[in-house]
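# Commentary on secondary and tertiary structure
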Amino acid sequence: MREEKAFYEALGRRIEQCRSAKHMSQEKLGDALSPKLTRAAISNIETAKQRVLAHVLVDIARVLSVKVGDLIETPPSQEAPASEPAAFKRSLEEASLPPEAVAMFTRRVDQQQRLTAKKTTKGKTA
Amino acid sequence: MRREVIEQITQRLLVEMDLADAVPVPVNDIAERLGLPVMETNLGEGVSGVLVTEGGRSYIGVQKADHLHRKRYTTGHEIGHYFLKHQREGVHVDRESAVTFRAVSYRTTRSAPGSDPREVEANQFAACLLMPMPLVRREAKKLADGPLVDGDIQRLATRFKVSEAAMTIRLETLGLLAIA
């Protein structure tokens, strides 16, 4: 629940930032939408008192000439950042594992990471 | 107290995976279902298993030359390290504290029942997972109404695909062995 609140607050802030950057008033933004929204509604969206509907968000992005994705704060990947392959290999070697074990782990980890990368790209383009 | 907690954790894991009645416990399947690939290779002398965590994922390495029963125990031990260390109970993932460390944790044959509490816990985890209390009690009861004899221990070990040594300790822990 708290995460949701933070999400809409961040969304509202982004909308407000983009709107201000375009020197557009809340009223102007509301008027440019179809169907129109009142100044109060825009204000409520920006302060997260009101949760914006998906199609309205698309329209807001259009008026502000930004991508919907630019307005939404995507969570950081839950996967931990991978270390450099060389550093990983070194850590295995430092653990005095035999070369075949080092090769096996680096191969398997590399495989997994490419698989994860593929999945991530797929998700983005879909 | 700690063993009872581990006992509960492994039991819950088995129930969730619909394996509460499975003998022998399919320990490799459990690892795979937890997202832990198990790989067998030469790990060098004196090493039974490794748990490698990289990029937020963990991998188990098992000493290829070991006996099947030994390998199963090692896998259970590494699952224990993974499961207990990362506190994977519950479904909440705190993004800010997402796992960013990389660790290679060893299990040498020498340190088996050592004093490092994590090793002790991982060993308890392996024992509880591979020889679930209700199943061991049930199977033991099938063999003998009274105290178990040597042949029974061997039979139970074979049934659960664990070493006789591991089964003996387990039976002792569960109070199923007559005090000699």
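One can find the structure itself at the top, above this paragraph.
Residues numbered from 1 in each chain as written. Chains lettered and ligands numbered in written order. Predicted model: local features only at pLDDT ≥ 70, side-chain atom pairs only at ≥ 80, totals over all residues. Heavy atoms only, no water.

## Quick word on the overall build of chain A
Where we set the bar: What counts as a helix is a DSSP run of H or I of at least four residues, what counts as a strand is a run of E of at least two, and both are numbered from the N terminus. The contact criterion used throughout is that any non-hydrogen atoms of two residues lie within 4.5 Å. Note that accessible areas follow from Shrake-Rupley with a 1.4 Å probe, and for residues the cover is restricted to the protein chains shown.
From N to C terminus, chain A includes seven helices and zero strands. Ordered by position from the N terminus, the helices and strands of chain A form the series α-α-α-α-α-α-α. Considering only contacts within chain A whose residues lie at least 6 apart along the sequence, 55% involve residues at least 24 apart. Just so you have it, chain A exposes about 8,500 Å², and 55% of that area is on carbon and sulfur atoms.

## Quick word on helix 6 (residues 85-94) of chain A
Residues spaced three or four apart along an α-helix face the same direction, because each turn holds 3.6 residues. All names here are of chain A. Test applied: Think of it in three bands: with a 1.4 Å probe and only protein chains considered, a residue is buried below 20% of the maximum accessible area for its type, exposed above 50%, and partly exposed in between. To be clear, the arc concerns the directions from the helix axis to the C-beta atoms.
Taken as a whole, helix 6 has its buried residues at Phe88, Ser91 and Leu92. Viewed end-on, helix 6 has its buried residues packed into an arc of 100°, placing them on one side of the element. Among the exposed residues of helix 6, those pointing more than 90 degrees away from its buried face are Ala86 and Glu94. Of the residues trailing helix 6, Ser96 is marked for its positive phi of about 50°.

## A word on the nonpolar core
The condition is simple: Working definition of a nonpolar core: buried Ala, Val, Leu, Ile, Met, Phe, Trp, Tyr and Cys residues. They are joined through side-chain atoms within 4.5 Å.
In this structure, Ile30, Ile79, Phe125, Met131, Phe160 and Met167 of chain B are the most contacted members of the largest nonpolar core, which totals 45 residues. For this core, the elements supplying multiple residues, two or more each, are helix 1 (2-16), helix 2 (27-33), strand 3 (57-63), helix 3 (68-85), helix 4 (117-130), helix 5 (133-143), helix 6 (150-160) and helix 7 (164-173) of chain B. For this core, the element with the most residues is helix 4 of chain B, which contributes six residues. Setting aside residues no more than four positions away along its own chain, Phe125 of chain B makes contact with Ile6, Ile9, Thr10, Leu13, Gly76, Ile79, Gly80, Phe83 and Leu84 of chain B. Membership of the second largest hydrophobic core comes to 16 residues, among which are Ile15, Leu29, Ile60 and Val63 of chain A.

## Remarks on helix 7 of chain B
Residues and elements named next belong to chain B. The complete set of buried residues in helix 7 reads Ala166, Met167, Arg170 and Leu171. Looking down the long axis of helix 7, one finds its buried residues gathered within 130° of arc, a one-sided arrangement. The exposed set on the far side of helix 7, more than 90 degrees from its buried face, consists of Ala165, Ile169 and Glu172. After helix 7 finishes, the residue Gly175 shows a positive phi value of roughly 70°.

## Brief notes about the pairing of strand 2 (residues 47-54) of chain B
Residue and element names in this part refer to chain B. Selection rule: Any two strands with at least two DSSP bridges between them are considered paired.
Extensive coverage of strand 2 is indicated by the burial of eight of its eight residues. Where strand 2 lies against strand 3, six bridges are found, and the strand directions are antiparallel. Within the sheet, the bridge partner assigned to Val52 lies in strand 3 and is Tyr59. Linking strand 2 to strand 3, which pair antiparallel, is a turn of two residues; within it Gly55 sits at a positive phi near 60°.

## So, unusual backbone geometry
Look at the link from Ser34 of chain A to Pro35 of chain A: it is a cis peptide, with omega at -5°. Mapped onto the secondary structure, Pro35 of chain A falls in the loop between helix 2 (26-32) and helix 3 (39-46). For Asp18 of chain B, which is not a glycine, the phi torsion comes out positive at approximately 60°. In this fold, Asp18 of chain B is placed in the loop between helix 1 and helix 2. The exposure class assigned to Asp18 of chain B is exposed, which follows from its relative accessible area of 70%. Of note in this structure, Lys161 of chain B is not a glycine but carries a positive phi near 55°. Here Lys161 of chain B lies in the loop between helix 6 and helix 7.

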